[in-house]
Amino acid sequence: MRMDITLVFTVALAATLIVVVLVLVAIIIYQRWRIGDQNVFIERFIRQNEEQRQKMRKAGIF
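Residues numbered from 1 in each chain as written. Predicted model: local features only at pLDDT ≥ 70, side-chain atom pairs only at ≥ 80, totals over all residues. Heavy atoms only, no water.

Peer 1: Tell me about the overall build of the chain, and please be specific about residues and values.
Peer 2: In terms of helices and strands, the chain carries one helix and zero strands. Against the compact-globule benchmark of 11 Å for 62 residues, the chain has a radius of gyration of 27 Å, which places it well outside the compact range. Each principal axis of the C-alpha atoms in the chain carries an extent, and together these give about 90 × 10 × 5 Å. By the burial criterion, 0% of the 62 residues in the chain qualify as buried. Of the roughly 6,100 Å² of accessible surface on the chain, a fraction of 69% belongs to carbon and sulfur atoms. Of the side chains in the chain, 9 bear a positive and 5 a negative charge, and the two mean positions are spaced by 8 Å. (Helix = DSSP H or I, 4+ residues; strand = E, 2+ residues; numbered from the N terminus. Rg over C-alpha atoms; globule rule 2.2 N^0.38 Å. Buried < 20%, exposed > 50% of the residue type's maximum accessible area, 1.4 Å probe, protein only. Areas by Shrake-Rupley, 256 points an atom, 1.4 Å probe, with all protein chains shown as cover. Lys, Arg positive; Asp, Glu negative; His and termini not counted. Charge placed at Lys NZ, Arg CZ, Asp CG, Glu CD.)

Peer 1: For the environment of K55, give the residues involved together with the corresponding values.
Peer 2: With respect to the helices and strands, the residue K55 is situated in helix α1 (residues 2-59). A residue is classified by how much of its surface remains accessible, and K55, at 53% relative accessible area, is exposed.

Shown next, in the form of structure tokens:
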């Protein structure tokens, strides 16, 4: 009887550990994806800013 409880506890603990690791991996993948999307918007903003700066230089404003 004692061995059965230990086996059940060990299997449950291993399953919990596997689920936690999978959740952490999923969170890391999701965050990398979001950061990649944000980098695209930042790159676009920087490019537009540089274009505006060049237009201002040509117009003699800057």
